[in-house]
Amino acid sequence: MQKKIAILGLTVALTTAVFAQKRPIDHTVYDGWKSVTNTEVSKSGQFIYYQITPQEGDGLFQLKNRNNELLFSIPRASDVKLTQGESYLIGTIKPTFDETRTAKIKKKKADDMPKDSLVIVNLQTNQIWKTAHVKSYKLARLKNEYIAYLTEEKKNASVADSLAPAKEKASKEKSVNILTLKNLATGDTLNFWKADQYAWSPQENLLLFSKKNETKDSLSTDGGLYIYDIANNSLKKISNGQGNYKELSFDDQGAQIAFLADKSPEKSLVNGFKLY
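Sequence order sets the numbering: in each chain, residues are counted from 1 along the sequence as written. Given that the model is predicted, a residue must reach a pLDDT of at least 70 before its local features are reported, and side-chain atom pairs must reach 80 or more before they are shown or counted; all residues, however, enter totals for whole chains, interfaces and linings. By convention in this description, side-chain values take in all heavy atoms of the structure and omit both hydrogens and water.

S.K.: Just to check I follow, could you spell out the overall build of the protein for this structure?
M.R.: On a plain count of helices and strands, the protein comes out with 2 helices and 18 strands. With 276 residues in all, the protein has 33% of them scored as buried. To be clear on the numbers: accessible area is Shrake-Rupley with a 1.4 Å probe, and residue cover counts the displayed protein chains and nothing else. By element, 51% of the accessible surface of the protein is carried by carbon and sulfur atoms, the whole surface being about 18300 Å². The secondary structure listing takes helices from DSSP runs of H or I that are at least 4 residues long and strands from runs of E that are at least 2 residues long, numbered from the N terminus. Relative accessibility decides the category of a residue: with a 1.4 Å probe and only protein chains considered, values under 20% of the type maximum give buried, values over 50% give exposed, and everything between is partly exposed.

And the structure:
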């Protein structure tokens, strides 16, 4: 009887000690909680990838093989995709949580907010390539020998004031969008300046994009819609005129295109998109 009482007392004491060591759950622990999101399995079943996302702070992307062995871990990676042949891993890297938070506190404009970076991982050689100031990237639906991505580059433009001395001339930065076509195997690139919207044909043989000039630029005549033929290395303008283009798309065979365009004059009282 005495042994049972002693054992019972020891059990109660150990249980009390365990609960005493546990941290109470309150609002201060929520930020440390993490969740696994965007879980994907590759088509071949060789790769598993997912994101570990905290309630507040920077996330972590991880890629594992079918044996649950960690292959790559990339902080803040998002919008991650595997190419069709599963030879390349492509995604964007977000700015740090602190950078974004500081920029919001300072109430910076959208153009001045921290920008994403693009990361390309060669899964055969384990080489990693990155580039900064990326706004978006796109892969073709049925073939992935190339990647198209849009970056933003800032250039200093001298703004002359006719009433001010030469020493007091102001200088400000202007943003220019650059659409880059990159061959994943060779690394060769081709740039299209002042690009805005873009879309791949399903078979990756054609790249459709719009070129947009600044509203105050009345001298430039290269605004419009273009199509680039990769095999023939040829560029063709298929729609003239300054305007806004969006919803660029190909049909399933890549033989026809459709898009919306608003080519109304800048000060027009009636604006609207038309289907082409």
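S.K.: Can you walk me through empty space enclosed by the protein in this structure?
M.R.: Rolled over the atoms, a probe sized like a water molecule indicates the empty space that remains. In the cavity and pocket records, a cavity denotes points on a 1 Å grid over the protein atoms alone where a 1.4 Å probe fits but cannot get out, a pocket denotes an open set with protein on both sides within 12 Å along at least 5 of 7 lines, and lining residues are residues with an atom within 4 Å of a point. Grid points are joined across faces, edges and corners, and a volume is the space filled by probe spheres set on the points. Considering all chains together, one arrives at 1 cavity of 30 Å³ or more under this definition. Its boundaries defined by the atoms lining it, the largest cavity holds a volume of some 30 Å³. In terms of lining, the largest cavity is formed by Phe61, Ile74, Ala77, Val80, Leu89, Ile90, Gly91 and Val119. Those elements that place two or more of their residues in the lining of the largest cavity are strand S5 (77-82) and strand S6 (88-93). With 3 residues, S6 is the single largest residue contributor to the lining of the largest cavity. Residues are grouped as follows: Ala, Val, Leu, Ile, Met, Phe, Trp, Tyr, Cys and Pro are nonpolar; Asp, Glu, Lys and Arg are charged; all remaining types, including Gly, are polar. Within the lining of the largest cavity, the residues separate by chemical class into 7 nonpolar, 1 polar and no charged.

S.K.: What should I look at first to understand the pairing of strand S2 (residues 47-54) in this one?
M.R.: The two faces of a sheet get side chains in turn, since along a regular strand they alternate between them. By definition, two strands form a pair when at least two bridges between them are found by DSSP. Across 6 bridges, the pairing between strand S1 (residues 34-41) and S2 is antiparallel. When the sheet's bridge partners are listed, Glu40 is paired in S2 with Tyr49. Connecting S1 to the antiparallel partner S2 that follows it, the hairpin turn spans 5 residues, and Gly45 within it adopts a positive phi of roughly 80°. By the bridge criterion, 6 bridges tie S2 to strand S3 (residues 60-65) in an arrangement that is antiparallel. Among the inter-strand pairings, Gln51 is bridged to a residue of S3, identified as Phe61. Linking S2 back to S3 in an antiparallel pair, the connection comprises 5 residues, with Gly57 at a positive phi of about 125°.

S.K.: Which parts of the structure should I look at to understand the sheet that holds strand S13 (residues 206-211)?
M.R.: Adjacent strands of a sheet pair through backbone hydrogen bonds, lying either parallel or antiparallel. Taking strand neighbours across the sheet as the criterion, the 4 strands line up as S12-S13-S14-S15 in an open arrangement whose pairing is antiparallel. Single-partner strands in this sheet number two, and they are strand S12 (195-200) and strand S15 (234-240). Looking at each pair of strands side by side, their axes are set apart by 20° on average, direction ignored. Alignment of strand S14 (residues 224-229) against S15, held across 6 bridges, turns out to be antiparallel. Bridge pairing links Asp229 to Ser234 in S15. Orientation is described by lines fitted to C-alpha atoms, with helices fitted over the stretch in contact, and by angles between N-to-C directions that extend from 0 to 180 degrees.

S.K.: When you look at a negative patch on the surface in this model, what are you seeing that I'm missing?
M.R.: Taken together, Glu56, Asp58, Asp98 and Glu99 make up a surface patch of like negative charges. Here Asp58 is to be found in the loop between S2 and S3. Patch membership requires over 30% relative accessible area and the absence of a salt bridge. Like charges are linked within 9 Å, and nonpolar side chains (Val, Leu, Ile, Met, Phe, Trp, Tyr) within 5 Å. The salt bridge definition used is simple: a Lys or Arg side-chain nitrogen within 4 Å of an Asp or Glu carboxyl oxygen. Positive: Lys, Arg. Negative: Asp, Glu. His and the chain ends are not part of the count. Positions of charges follow a simple convention, taking NZ of Lys, CZ of Arg, CG of Asp or CD of Glu.

S.K.: Looking at this structure, I do not really get the confidence of the model for the protein. What am I missing?
M.R.: Detailed reading of the predicted coordinates is not advisable wherever pLDDT is low. Note: pLDDT gives the predictor's confidence per residue, expressed from 0 to 100. Scored by pLDDT, the protein comes out at a mean of 83, with 78% of its residues at no less than 70. Any two residues whose heavy atoms approach within 4.5 Å are treated as being in contact. The model gives residues 1-20 a pLDDT under 50, and that stretch makes 0 contacts with residues more than four places away or in other chains. Here residues 157-171 scores under 50 on pLDDT; set against residues more than four positions off or in separate chains, the count is 10 contacts.

S.K.: Looking at this structure, I do not really get unusual backbone geometry. What am I missing?
M.R.: The bulk of non-glycine residues show a negative phi, and the bulk of peptide bonds are trans. Even without a glycine there, the phi angle at Arg76 is positive, about 65°. Among the secondary structure elements, Arg76 is positioned in the loop between strand S4 (70-75) and S5. One non-glycine residue, Lys194, adopts positive backbone phi at about 65°. Position of Lys194 among the secondary structure elements: in the loop between strand S11 (189-193) and S12.

S.K.: What exactly am I supposed to notice about the environment of Ile178 here?
M.R.: Turning to its location among the elements, Ile178 is positioned in strand S10 (residues 170-183). We classify Ile178 as buried; its relative accessible area is 5%. Note: C-alpha distance between Ile178 and Glu152 (26 residues apart in sequence) is 6.3 Å. With residues up to four places along the chain from it excluded, the contact list for Ile178 reads Tyr149, Leu150, Thr151, Glu153, Asn191, Phe192 and Trp193.

S.K.: Could you clarify how one ought to interpret the nonpolar core in this entry?
M.R.: Side chains of a nonpolar character, in soluble globular proteins, are inclined to be buried together. With 15 residues, the main nonpolar core has Leu179, Leu181, Trp200, Leu207 and Phe209 as its most contacted residues. The set of elements that each furnish at least two residues to this core consists of strand S9 (146-159), S10, S12, S13 and S14. Residues grouped as a nonpolar core are buried Ala, Val, Leu, Ile, Met, Phe, Trp, Tyr and Cys residues, joined through side-chain atoms within 4.5 Å.

S.K.: What is the right way to look at the sheet that holds strand S16 (residues 244-250) in this model?
M.R.: On the basis of which strands lie adjacent, the open sheet formed by 3 strands has the order S16-S17-S18 and antiparallel pairing. Of all the strands in the sheet, just S16 and strand S18 (274-275) have a single pairing partner and so form its edges. Direction of pairing for strand S17 (residues 257-262) relative to S18: antiparallel, over a ladder of 2 bridges. Each residue of the ladder has a partner; that of Leu260, found in S18, is Leu275.

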